[in-house]
Amino acid sequence: MPREKFARQSLGAAHRLVRESRVLLVGAGGIGCELLKNLVLTGFGEIHVIDLDTIDLSNLNRQFLFRQEHIKRPKALVAKEVAQNFNPNVKLVAYHANIKDKQFNLEWFSSFNLVFNALDNMDARRHVNKMCLAVDVPLIESGTTGFKGQVQVIKKDKTACYDCTPKTTPISYPVCTIRSTPSQPIHCIVWAKSYLLPELFGVREDETPEMDETEDSNNAAEIEELKREAQALKKIRESMASDDFVKQVFDKVFKEDIERLAKMEDMWKDKKPPEPLSYDVLEQEASTLNSSILEDSQRTWSASENFLVLKHSLARLSKRLAEGQAAAAKAGQPPPTISFDKDDDDTMDFVAAAGNLRAIIFGIDPKSKFDIKQMAGNIIPAIATTNAMVAGLCVMQAFKVLRGEYARTKWLWLWNGALRTDRLEDPNPDCPACSVAMARVQVDLEKATLKDLVVDILRMKLGYGEEITVLSEAGVIYDPDLEDNLEKKLPELSISDASFIVVKDDEDGNPRIDLQLAIEAKKLEDQSQTIMLVEKEGGTFEIPRRTKKAPLPDGDKATEVGEGHAAVSNGIPLSTGKRKRPLDEEAEATGTPAKKLQGPINAEVAKNPAMHAIVIDEDDGTLLIADDD
């Protein structure tokens, strides 16, 4: 019996579309493994899969394509090897790479009939969403959290895109709370992960722009204290090769800093002051312990056990950094640094032990290494059955997309075992990603100048007048009062392949909507040309004019509130036609961290941009640590 018999019977005429399709799967994790299996068994003709990660032991319980012997190998490459056995007739191509790499440019994205997102972080999701919109390729977005999941079809001008709905605001942790008055285990964990580890083995705070003084700063005293702490740790870091390096670190952060805090009596009027730890006492207690506790991640360690784990991790990290620096110096490369990775035992042990010791100092209950890994890594609960169901729904939506039946596609929600459906929303007219006009330009980057773009494309081809502003990711590169850049080549203005340029029409009368130009590096057939607009099928490219907003009735007063909220009129929200979803559903749609890590940004930071803040980018979201002084 032919392998494709039942697929052909089920799909009918759509089976040919499936067999001839060329699809991209971004992500080979929980959803990605299930989705790749479905695509291969269904008979999709050519499947490209890309993933940056390698396989970890914690993946094996739900990412069924991987086995014990695959640990530390690239997910995409192993997924291809295993899935190919399911159907030898399917062409599989794997990339162990970042989807944001320059090699995956607009021309590459445009070669696919359909893109599937099986990602676990917001930044990569937004990038794929932007690239698919730019080349007008349909995207099927998916995500899961525990027993909940969602599937969304995205098609330019037909459905809402990933950025059409506001995403949950990242949590903010005040610097003063993290540094001086922690009250929860997460405060101590973030301190160990985002302050102590970078100071000793990563990029020191006195080397970052956040440490610069600013005018009208309300937290100058705090910044000065942070600088003094950074300088002290810098001296300790320089003595890393010495025998007493561990003692110097311990005495600085768990004794001297704590003694200084305990003397600030005003801070401890209503609560117990912190109690410093003694290196000698803990070393004596730890002398009878066995290092096998390093393997016991489920149990909460005592103070002496945390001390032993801290010593071991500091020794391993010091050795790693020294070896890396020696190899870099020999190769004439910049010195390396060590950053936190939840799957790296050295950094994970350090964060767990240092965070727990700090918690003990402040009378906070310590946590097991297992719990700390979830909190520090922002790990979203994953259930294999939910991943499998979402992957199946993705493929069922793909059949409709390949047939062009977008009116029949649905927004699908898995909600604790129940399947909910809703019609896909229309594009949000205020969406920064898809409400703009979009065009592609092919550019010879060795020859093209900004003048070629402004004169040949914007004015001659698209009919713009003199009053325009051109912005790149670096900022404004052209306006009527800024013509110094016209003779510069585009790479001199940090414009390269797959860059995006925004054109704003500043005409007073009837301006056009914003235009987003996607740059595609290419040698043009006509060598006399340096830049060319990629015409759309069906005729001339026209940019719509802005819609004039109707005035509000007399007596109404509209007020804009913070980002992610609607405008209000006399205290009543002005409808945007968007369906409101509960917070839990919002988290499913965005793939943001677990609910306990969600919350509003500190209002004071929004009022005063000069305030000191530390931002930590995570695989699963972002933690913003902002000063609350």
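If you look the protein chain up in an unreviewed UniProt entry, it shows as Ubiquitin-activating enzyme E1-like from Exophiala xenobiotica. Check the Subunit (unreviewed entry) section of the UniProt entry for the protein chain; it says "Heterodimer." Its UniProt record gives the protein chain the following Pathway (unreviewed entry) comment, quoted word for word: "Protein modification; protein sumoylation."

Scanning the protein chain from N- to C-terminus turns up 18 helices and 20 strands. Among the 629 residues that make up the protein chain, the fraction classed as buried is 52%. Pairs at least 24 apart in sequence give 69% of the contacts found in the protein chain among residues at least 6 apart.

Further remarks concern the pattern of salt bridges. Evaluation of the coordinates by the stated rule reveals 36 salt bridges. Note that Arg316 is salt-bridged to Asp349, the shortest N-O span being 2.7 Å. One end of the pair, Arg316, is in helix H12 (residues 303-331); the other, Asp349, is in helix H13 (residues 345-361), and 33 residues separate them in sequence. Since its relative accessible area comes to 24%, Arg316 is described here as partly exposed. A cluster of three or more residues bridged by salt bridges with shared partners is formed by Arg316, Arg320, Asp344, Asp346, Asp349 and Lys369.

This part takes up a negative patch on the surface. There is a patch of like negative charges on the surface, built from Glu467, Asp481, Glu483, Asp484, Asp506 and Asp508. With respect to the helices, strands and loops of the structure, Asp506 is situated in the loop between strand S13 (500-505) and strand S14 (515-521). Since its relative accessible area comes to 33%, Asp506 is described here as partly exposed.

Parameters at a glance
Residues numbered from 1 in each chain as written. Predicted model: local features only at pLDDT ≥ 70, side-chain atom pairs only at ≥ 80, totals over all residues. Heavy atoms only, no water. UniProt positions renumbered as here; feature names shortened; annotations may be inferred. Helix = DSSP H or I, 4+ residues; strand = E, 2+ residues; numbered from the N terminus. Buried < 20%, exposed > 50% of the residue type's maximum accessible area, 1.4 Å probe, protein only. Contact = heavy atoms within 4.5 Å. Salt bridge = Lys/Arg side-chain N within 4 Å of Asp/Glu carboxyl O. Patch = residues over 30% accessible without salt bridge, like charges linked within 9 Å, V, L, I, M, F, W, Y side chains within 5 Å. Areas by Shrake-Rupley, 256 points an atom, 1.4 Å probe, with all protein chains shown as cover. Lys, Arg positive; Asp, Glu negative; His and termini not counted. Charge placed at Lys NZ, Arg CZ, Asp CG, Glu CD.

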